[in-house]
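# Overview (structure and organization)
So the chains spell out like this:
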Amino acid sequence: MSVCTICGHRPHTCIEGAERWLPVVGFEGRYEVSDYGRVRSLLGRGRIMTQWRDAKRGGRFKVSLMLTDTSSRSLWVHRLVALAFLGPPAPDQEVAHWNGVATDNRLENLRWATRLENAADSKRLGTYSGQRSSNAKLTDDEALEVWRLCHTMSDGRIGRMLGVSMGAVRAIREGRGFVHLNLGPVVRPKLVSRHQPPLPPQAPIRDRLRDRDA
Ligand SMILES: [Zn+2]
């Protein structure tokens, strides 16, 4: 169960010490972002900023940065990486993740693309083919998490929550993916209702920041 300790994804090219840092656009002198998708503060002791996942947007990472001493902004980490390393987008462009994993914010996984190009990626990586390659993008830990959630949650909801394709979720649920984990197919009772319980409430970010900094 090895996960890259730098970017949080499976082992690959993240090498301690080789990480490149650039100023966060609009926050120069305050924060820097790296090509491994990390953000650090230049204020105080220069710590790595905590990121959290927005369940409503495929589990994409956000980070809260102080704009002035009294006001902060919650920002998408993938945008910070792209703006710093790729420059500004054209008006109709958004960030696209090459491998379809919305939480994988390494520079090499990001590019500016139009919404249409982005949709074509989703189709290419999507539900109906290439399940092997979708599975390859999950870590063993993530696959295990998917398998656990499959007992109580729909494929689509898991996919949106964790930012993985429905094909990948289904393959794990049916016992076809990650066979080396020996998970077996999930037998789940008929979902009683299409209506899913709401996500557990999250403390407002300022409370979490305060707790963390306490
Ligand atoms: Zn990594």
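Everything below is about the structure shown above.
## Things to note about the overall build of the protein
Per the secondary structure count, the protein includes seven helices and eight strands. Among the 214 residues that make up the protein, the fraction classed as buried is 31%.

## Comments concerning the sheet that holds strand 1 (residues 21-23)
A sheet is described by the order of its strands in space; here three strands give the open sequence 1-2-3, paired in antiparallel fashion. Each edge of the open sheet is held by one strand with a lone partner, namely strand 1 and strand 3 (39-41). Each strand axis lies, on average, 30° off the axis of its neighbour in the sheet, ignoring direction. Here strand 2 (residues 31-34) pairs with strand 3 via three bridges, running antiparallel. Its bridge partner lying in strand 3, Tyr-31 is registered against Ser-41.

## Some thoughts on the packing of helix 5 (residues 155-162) against helix 6 (residues 166-173)
Their axes nearest at 9 Å, the elements helix 5 and helix 6 cross at an angle of 120°. By the angle between their axes, helix 5 is oblique relative to helix 6. Considering only the axes of helix 5 and helix 6, their crossing is right-handed. Every residue of helix 6 that contacts helix 5 at Asp-155, Gly-156, Ile-158 and Gly-159 is listed here: Met-166, Val-169, Arg-170 and Arg-173. Its residues assigned to classes, the contact of helix 5 with helix 6 comprises three nonpolar, two polar and three charged.

## Observations regarding the sheet that holds strand 5 (residues 60-66)
Across the sheet, three strands lie side by side as 4-5-6; this open sheet has antiparallel pairing. Two strands close off the open sheet at either side, each with one partner strand: strand 4 (52-54) and strand 6 (72-76). Between one strand axis and the next, the sheet turns through 40° on average, direction left out of account. When strand 5 meets strand 6, the two strands line up antiparallel, connected through five bridges. Following the sheet pairing, Ser-64 is matched in strand 6 by Ser-74. This element, helix 1 (residues 77-86), spans strand 5 and strand 6 of the sheet and lies at about 80° to strand 6.

Reading the values: rules and limits
Residues numbered from 1 in each chain as written. Predicted model: local features only at pLDDT ≥ 70, side-chain atom pairs only at ≥ 80, totals over all residues. Helix = DSSP H or I, 4+ residues; strand = E, 2+ residues; numbered from the N terminus. Buried ≥ 20, exposed ≤ 12 C-beta atoms within 10 Å, placed from the backbone. Pairing = 2+ DSSP bridges. Axes fitted to C-alpha atoms, helices over the stretch in contact; angles between N-to-C directions. Parallel < 35°, antiparallel > 145°, perpendicular 65-115°, else oblique. Left-handed = near helix turned anticlockwise from the far one by under 90°. Contact = placed C-beta atoms within 7 Å. Nonpolar A, V, L, I, M, F, W, Y, C, P; charged D, E, K, R; others polar.

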